[in-house]
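Listed below are the residues making up each chain.
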Amino acid sequence: MRTKTMKLEGKVALVTGSSQGIGQAIAIRLAQEGASVVINYRSHPEGAEATLAQVKAAGGKCHMVDGFTLQGDTGSLADVQRLVSESVDHFGQLDILVNNAGIEKNADFWNVTEADYDAVMNVNLKGIFFAIQAFVQHCMAVSHPGKVINISSVHEELPFPHFAAYCASKGALKMLTRNLSVELAPLGITINNVAPGAIETPINTKLLNDPTKLNALLQNIPLKRLGQPADVAAMVAFLASADADYVTGTTLFVDGGLLWNYQEQ
Ligand code: BGC
């Protein structure tokens, strides 16, 4: 019954960082829409296996949906190139690239180390840059259109004190997406960002365990709740589908209204 409404039947998606949190929800949602999914993880093979089990279950009786797990550090150029090539080797095609993996480091600006700066930039920007490049080279080689979806953040727009490198990486990702939307359009490739606000995931564990900070944050969210990974996954499923064929170069916010919430007290 679900088969009729499957938006992504016959498509293959690579979702980076899909052993937990938002990436895991995206992988499962894309599978529910009929896509086969490559589940990438860096250091949590058991999380990736859990995602895979749900991807396969999401396919249900529809044998078209398949998946496999693939280790790789998205902060490494060689690894992202391998992730794309092994996805293609395994499924014979790759239609959707979801650059989800991301990290953040909390420090006062004057204490940020080169190692932490590099770690954030490598995963949040350089790895994404070259993953897109590898994906585009594949699309060109097979003369096939494609969809790139980057998981950015409200902090591609909004300052986040003590997370300077993170903000710099997300701001750069916004501009990368705009630039590539123009350059890749002639190839039939669309590229967009999804920008989550505060989502209940492992990246926020500290905050979630601090009732005072959590409450202060909730006061800033007009919809008065944290987002769920599934809230973000729904937007990704839309952008990955033909419904979004005319959408490129933009950022869609999934933040409960957080970004534009300023009120004089
Ligand atoms: C960050 C979270 C933060 C949220 C809202 C996200 O991009 O990863 O740590 O809570 O933005 O500020």
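What you see is a predicted model; the values in this text were computed from it and never measured. (Residues numbered from 1 in each chain as written. Predicted model: local features only at pLDDT ≥ 70, side-chain atom pairs only at ≥ 80, totals over all residues. Heavy atoms only, no water.)

**Details of the overall build of the protein chain**
Line of reasoning, step 1. Secondary structure summary: the protein chain contains eight helices and seven strands in total.
Line of reasoning, step 2. The C-alpha atoms of the protein chain give 18 Å as radius of gyration, which agrees with the globular expectation for 265 residues (18 Å, within 12%).
Line of reasoning, step 3. C-alpha extents for the protein chain along the principal axes are approximately 55 × 40 × 35 Å.
Line of reasoning, step 4. Counting over 265 residues, the protein chain shows a buried share of 48%.
Line of reasoning, step 5. Restricting to contacts in the protein chain with at least 6 residues of sequence separation, those with at least 24 account for 71%.
Line of reasoning, step 6. As displayed, the protein chain has an accessible area near 12,900 Å², and 56% of this comes from carbon and sulfur atoms. (Helix = DSSP H or I, 4+ residues; strand = E, 2+ residues; numbered from the N terminus. Rg over C-alpha atoms; globule rule 2.2 N^0.38 Å. Buried < 20%, exposed > 50% of the residue type's maximum accessible area, 1.4 Å probe, protein only. Contact = heavy atoms within 4.5 Å. Areas by Shrake-Rupley, 256 points an atom, 1.4 Å probe, with all protein chains shown as cover.)

**What to know about the side chain of Lys170**
Line of reasoning, step 1. Structurally, Lys170 is set in helix H5 (residues 164-184).
Line of reasoning, step 2. With no salt bridge to any partner, buried Lys170 finds its closest opposite charge in Glu104, at an N-O distance of 7.7 Å.
Line of reasoning, step 3. Separated by 3.2 Å, the side chain of Lys170 and the backbone oxygen of Ile151 make a polar contact.
Line of reasoning, step 4. Contacts of Lys170, omitting those with residues within four sequence positions, involve Asn124, Ile151, Ser152, Ser153, His155 and Glu156. (Lys, Arg positive; Asp, Glu negative; His and termini not counted. Salt bridge = Lys/Arg side-chain N within 4 Å of Asp/Glu carboxyl O. Polar contact = N/O pair within 3.5 Å; in protein donor to acceptor, adjacent residues only side chain to side chain.)

**With respect to the packing of helix H1 (residues 21-32) against helix H2 (residues 45-59)**
Packed helices, taken two at a time, are described by the angle between their axes plus the distance between the axes.
Line of reasoning, step 1. Contact geometry for H1 and H2: axes closest at 8 Å, N-to-C directions at 20°. Relative to H2, the element H1 is oriented roughly parallel. Of the two possible hands of crossing, H1 and H2 adopt the one that is right-handed. Residue-level inspection shows Gln24, Ala27, Ile28, Ala31 and Gln32 of H1 in contact with H2, the latter providing Gly47, Ala50, Thr51, Gln54, Val55 and Ala58.
Line of reasoning, step 2. Here the residues of the contact of H1 with H2 are counted per class, giving six nonpolar, five polar and no charged. (Axes fitted to C-alpha atoms, helices over the stretch in contact; angles between N-to-C directions. Parallel < 35°, antiparallel > 145°, perpendicular 65-115°, else oblique. Left-handed = near helix turned anticlockwise from the far one by under 90°. Nonpolar A, V, L, I, M, F, W, Y, C, P; charged D, E, K, R; others polar.)

**Some details on the environment of Ala119**
Line of reasoning, step 1. The topology assignment puts Ala119 in helix H4 (residues 114-141).
Line of reasoning, step 2. In contact with Ala119, not counting residues within four places along its chain, are Ile103 and Lys105.

**Focus on the sheet that holds strand S4 (residues 96-99)**
Line of reasoning, step 1. Taken together, the seven strands give an open sheet; going across it, the order is S3-S2-S1-S4-S5-S6-S7, and neighbouring strands pair in parallel fashion. Strands at the two margins of the open sheet, each flanked by one partner only, are strand S3 (67-71) and strand S7 (251-254). Going across the sheet, the axis of each strand differs from the next one's by a mean of 20°, ignoring polarity.
Line of reasoning, step 2. Direction of pairing for strand S2 (residues 36-41) relative to S3: parallel, over a ladder of five bridges. (Pairing = 2+ DSSP bridges.)

**Description of the environment of Met121**
Line of reasoning, step 1. In this fold, Met121 is placed in helix H4.
Line of reasoning, step 2. The buried category is assigned to Met121, whose relative accessible area is 13%.
Line of reasoning, step 3. Considering only alpha carbons, one finds Met121 and Gly75, 46 residues apart in sequence, at a separation of 8.0 Å.
Line of reasoning, step 4. Non-local contacts of Met121, meaning those with residues more than four positions away in its chain, are made with Lys126, Ala165, Ala168 and Ser169.

**Looking at the site of the ligand**
Line of reasoning, step 1. Residues in contact with the ligand, as listed here, are Glu104, Ser153, His155, Phe160, Tyr166, Gly197, Ala198, Ile203 and Asn204.
Line of reasoning, step 2. Between the ligand and the protein, one listed contact pairs an oxygen atom with a side-chain N or O atom of Ser153 at 2.6 Å.
Line of reasoning, step 3. Separating an oxygen atom of the ligand from a side-chain N or O atom of Tyr166 is a distance of 2.7 Å.
Line of reasoning, step 4. If the ligand stood free it would expose 310 Å²; the protein chains cover 91% of that surface.
Line of reasoning, step 5. Across the shell around the ligand, the residue classes tally to four nonpolar, four polar and one charged. (Near = heavy atom within 4 Å.)

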